[in-house]
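Here is what each chain is made of, one letter per residue.
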Amino acid sequence: MSSHAEHHSGHHGAGHHGAGHHDHGHGEHEGAHGTLGSYLIGFILSVILTVIPFWLVMDGTILDKNMTAMAIMALAAVQVVVHMIFFLHMNGRAEGGWTMLSLIFTIIVVVIMLAGSLWVMYHLNTNMMPIHDPSQLP
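Residues numbered from 1 in each chain as written. Predicted model: local features only at pLDDT ≥ 70, side-chain atom pairs only at ≥ 80, totals over all residues. Heavy atoms only, no water.

Student: Just checking my understanding: could you explain the UniProt feature "transmembrane region" (unreviewed entry) in the protein chain for this structure?
Tutor: Within this numbering scheme, the UniProt entry marks residues 36–57, 69–88 and 100–122 as carrying the feature "transmembrane region" (unreviewed entry). With 90% helix and 0% strand, the stretch residues 69–88 has end C-alpha atoms that lie 27 Å from each other. Between the end C-alpha atoms of residues 100–122 there is a gap of 33 Å, over a span that is 100% helix and 0% strand. (UniProt positions renumbered as here; feature names shortened; annotations may be inferred. Helix = DSSP H or I, 4+ residues; strand = E, 2+ residues; numbered from the N terminus.)

Structural data, given as structure tokens:
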């Protein structure tokens, strides 16, 4: 009988402690979880930001290749921000603003990477490509 009482009291104590811990943990992270609506908005924006570059390239609406490339780069940068806000839940309220600082840092890194990549590709194209002028052939 005493083993039954110990088992019951131990089980009751663990169950009570577990429920309290679960409730406390859920309350701390409740703001970090997205709602179905926010996930749907993020998904719809992601689809739109993916379809527009395909449409620009396939339709040829913008005739200038440089403008098309810049539009695609801009839409890619916007899509990174959409993913960070709607799927990674980075905003000014979460974790005392630290996620907003991470978002700003990520935006800075993406801008540096995009600008650096375009700069390198432009200069490689300008300085390394052979001249295709038939009059200069021997």
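Student: Help me understand a nonpolar patch on the surface in this model?
Tutor: The grouping of Leu36, Leu40, Phe43, Ile44, Val47, Ile48, Val51, Ile52 and Trp55 at the surface amounts to a nonpolar patch, some 860 Å² of accessible area in total. Along the chain, Val51 turns up in helix H2 (residues 36–59). Note on Val51: relative accessible area 49%, which makes it partly exposed. (Patch = residues over 30% accessible without salt bridge, like charges linked within 9 Å, V, L, I, M, F, W, Y side chains within 5 Å. Areas by Shrake-Rupley, 256 points an atom, 1.4 Å probe, with all protein chains shown as cover. Salt bridge = Lys/Arg side-chain N within 4 Å of Asp/Glu carboxyl O. Buried < 20%, exposed > 50% of the residue type's maximum accessible area, 1.4 Å probe, protein only.)

Student: What is the right way to read the side chain of Ser46 from this model?
Tutor: Note that Ser46 resides in helix H2. Classification of Ser46 by relative accessible area gives buried; the value is 9%. Setting aside residues no more than four positions away along its own chain, Ser46 makes contact with Gln79, Val82, His83 and Phe87. (Contact = heavy atoms within 4.5 Å.)

Student: Can you walk me through helix H3 (residues 65–86) in this structure?
Tutor: Side chains three or four residues apart in an α-helix point the same way, a direct result of the helix having 3.6 residues per turn. Along its 22 residues, H3 runs 31 Å from first to last C-alpha, staying within 8% of the 32 Å computed at 1.5 Å per residue. For H3, the full list of buried residues reads Thr68, Leu75, Gln79, Val82 and Met84. (Expected span 1.5 Å × (residues − 1).)

Student: What am I meant to see in the environment of Met90 here?
Tutor: Locating Met90 in the fold gives a position in the loop between H3 and helix H4 (98–128). Of the residues examined, Met90 reaches a relative accessible area of 17% and is grouped as buried. When the C-alpha atoms of Met90 and Ser102 are compared, they prove to be 7.8 Å apart, with 12 residues separating the residues in sequence. Beyond its immediate stretch of four places on either side in the chain, Met90 contacts Met84, Ile85, Thr99, Ser102 and Leu103.

Student: Got a minute to help me understand the packing of H2 against H3 in this structure?
Tutor: Relative orientation and spacing of two packed helices are given, respectively, by the angle between their axes and the distance between those axes. Remark: H2 packs on H3, axes separated minimally by 10 Å, with the N-to-C direction vectors making an angle of 170°. By the angle between their directions, the pair H2 and H3 is classed as roughly antiparallel. Here Ser38, Tyr39, Ile41, Gly42, Leu45, Ser46, Leu49, Thr50, Ile52, Pro53, Leu56 and Val57 of H2 come into contact with H3, specifically with Thr68, Ala71, Ile72, Leu75, Val78, Gln79, Val82, His83 and Phe86. Looking at the contact of H2 with H3 residue by residue, the classes come out as 14 nonpolar, seven polar and no charged. (Axes fitted to C-alpha atoms, helices over the stretch in contact; angles between N-to-C directions. Parallel < 35°, antiparallel > 145°, perpendicular 65-115°, else oblique. Nonpolar A, V, L, I, M, F, W, Y, C, P; charged D, E, K, R; others polar.)

Student: What should I look at first to understand the packing of aromatic side chains in this one?
Tutor: One pair of aromatic rings is described through two measures. These are the centre distance and the angle between the planes. As enumerated under the stated definition, the model contains one aromatic pair in all. Here Tyr39 and Phe87 contribute two aromatic rings whose centre-to-centre distance is 6.2 Å and whose plane-to-plane angle is 15°, an arrangement assigned as stacked. Pair noted here: Tyr39 is in helix H2 and Phe87 is in the loop between H3 and H4, with a separation of 48 residues, a long-range link. A relative accessible area of 28% places Phe87 in the partly exposed class. (Phe/Tyr/Trp six-rings, centres within 6.5 Å; stacked < 30°, edge-to-face > 60°.)

Student: Whenever I open this one, the confidence of the model for the protein chain confuses me. Can you help?
Tutor: Low-pLDDT portions of the prediction should not be read for the details of their coordinates. Scored by pLDDT, the protein chain comes out at a mean of 75, with 67% of its residues at no less than 70. By mean pLDDT, helix H1 (residues 2–29) is the weakest element of the protein chain at 47, and H2 is the strongest at 92. Here residues 8–30 is a poorly scored stretch, pLDDT under 50, and it has zero contacts once near neighbours within four places are set aside; other chains count. (pLDDT = per-residue confidence, 0-100.)

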